[in-house]
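These are the residues of each chain, in order.
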Amino acid sequence: MMRIFRLAALALFGLLAAFAMPGAVAQEQAQPDSGVPATSTFGRWTTLIDTLDTGQDAHKTCAASAAFVDGIGNAGTLTLSISTGDALPPDAYPAIMITVDNKDLPTGKNIAATFGDPGVKVSAKVYSNAAVNGRPSWTVDNQAKTSLALLRAMRKVTSLDVVFGKQTVASIPMDGFTKAYRNLGASCGFPTKDVAP
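Rules used in this analysis
Residues numbered from 1 in each chain as written. Predicted model: local features only at pLDDT ≥ 70, side-chain atom pairs only at ≥ 80, totals over all residues. Heavy atoms only, no water. Helix = DSSP H or I, 4+ residues; strand = E, 2+ residues; numbered from the N terminus. Expected span 1.5 Å × (residues − 1). Buried < 20%, exposed > 50% of the residue type's maximum accessible area, 1.4 Å probe, protein only. Contact = heavy atoms within 4.5 Å. Pairing = 2+ DSSP bridges. Phe/Tyr/Trp six-rings, centres within 6.5 Å; stacked < 30°, edge-to-face > 60°.

Caption draft 1: Inspection of helix H3 (residues 177–188) at higher detail. End to end, H3 covers 16 Å across 12 residues, agreeing with the expected 16 Å (1.5 Å per residue, within 8%). For H3, the tally of buried residues reaches nine of 12 residues, placing the bulk of the element in the interior. As for H3, its buried residues are in contact with strand S2 (38–42), strand S3 (45–53), strand S4 (58–69), strand S5 (75–83) and helix H2 (144–156). Trailing H3 by a residue or two, Gly-189 shows a phi angle of about 75°, which is positive.

In C-alpha cells form, the structure reads like this:
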C-alpha cells in the first residue's frame with residue numbers, strides 16, 4: 001500500500017501545479033481510456049483515479065490532494081490515498097499524508113499532532129517519512145477510529161489547523177473536501193456517508 005500511496009502522492013503533487021488553484025470551481029476532466037489517470041478538481045482539492053490492470057486483476061488507486069502554503073511561505077500538500085486492494089471504509093480509511101518544505105518540523109515516530117480549528121480538535125500520532133519530491137513528509141497513524149474522526153473534522157472546518165507537537169504546520173483550506181471525498185468513494189467503491197453524508 002505504501003508504494004501505491006507514494007506513487008499517487010508523487011503524481012498528485014505534480015498535477016497540483018496545474019489543477020489546484022485558489023478559488024477554482026469544481027470541474028471534471030474527461031480522460032480517454034488510454035491508461036492516463038482521471039483527474040477532477042473540487043474547490044481546492046484535486047482527485048486522481050489511477051487503474052492498474054495486471055491482466056489478471058485491476059486495482060484502482062484513488063487519491064485527493066490540496067495544496068497549501070504555510071505561515072512562513074513553504075509550499076505543501078495534504079493528500080488522502082486508498083486502493084481497491086486495501087481494506088476499505090468502514091474497516092479502514094484513506095491514508096493521510098502531509099508534505100511541506102519545512103525541515104524544522106519534528107521528525108521520527110509517534111509525534112503528537114492536533115488537527116482541527118477552535119471548535120473541532122482531533123489528536124493523532126504522525127510519523128515522518130522519506131522526502132516526496134524533495135519535501136519532508138509525515139503520515140498520520142492510520143487507526144480507523146482516529147482517521148474517521150480526522151476526516152469528519154476535515155468536512156466540518158473551513159480550514160484545517162495542523163500542529164505537530166507544539167509547532168504549527170499550517171492552516172489548510174478545506175473548500176471542496178466533501179465533494180473530493182465523495183469522488184474517491186464513488187471511484188474506489190466505498191461508502192462515504194460516515195464522513196460526507
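Picking up where we left off.
Caption draft 2: Broad picture of the pairing of strand S6 (residues 95–100). Burial analysis of S6 places six of its six residues in the buried class, the great majority of the element. What you see with S6 is no split at all: Ala-95, Met-97 and Thr-99 on one side and Ile-96, Ile-98 and Val-100 on the other are buried throughout. Pairing of S5 with S6, which is carried by six bridges, proceeds in the antiparallel orientation. Looking at S6, one finds that Thr-77 is bridged to Thr-99. Sheet analysis places S6 next to strand S9 (residues 135–140), joined by three bridges and oriented antiparallel. Paired with Thr-99 across the two strands is Ser-137, which belongs to S9.

Caption draft 3: Spotlight on the packing of aromatic side chains. In total, this model carries four aromatic pairs according to the counting rule given. Between Trp-45 and Phe-177, the ring centres sit 5.4 Å apart and the planes meet at 65°, which makes this aromatic pair edge-to-face. Of the two residues, Trp-45 is situated in strand S3 and Phe-177 in helix H3; the sequence distance between them amounts to 132 residues. There is no split in this pair, since Trp-45 and Phe-177 are both buried. Cluster of aromatic residues (ring-pair linked, three or more members): Trp-45, Phe-177, Tyr-181 and Phe-190.

Caption draft 4: Expanded view of unusual backbone geometry. Across the junction of Pro-89 and Pro-90, the peptide omega takes the value 10°, indicating a cis bond. Note that Pro-90 resides in the loop between S5 and S6. The phi torsion at Asn-110 lies on the positive side, around 55°, for a residue other than glycine. Its place among the elements puts Asn-110 in the loop between S6 and strand S7 (111–117). Since its relative accessible area comes to 58%, Asn-110 is described here as exposed. For Asn-133, which is not glycine, the phi torsion reads 50° and is therefore positive. Tracing the sequence through the fold places Asn-133 in the loop between strand S8 (120–132) and S9. By relative accessible area, which is 45% here, Asn-133 ends up partly exposed.

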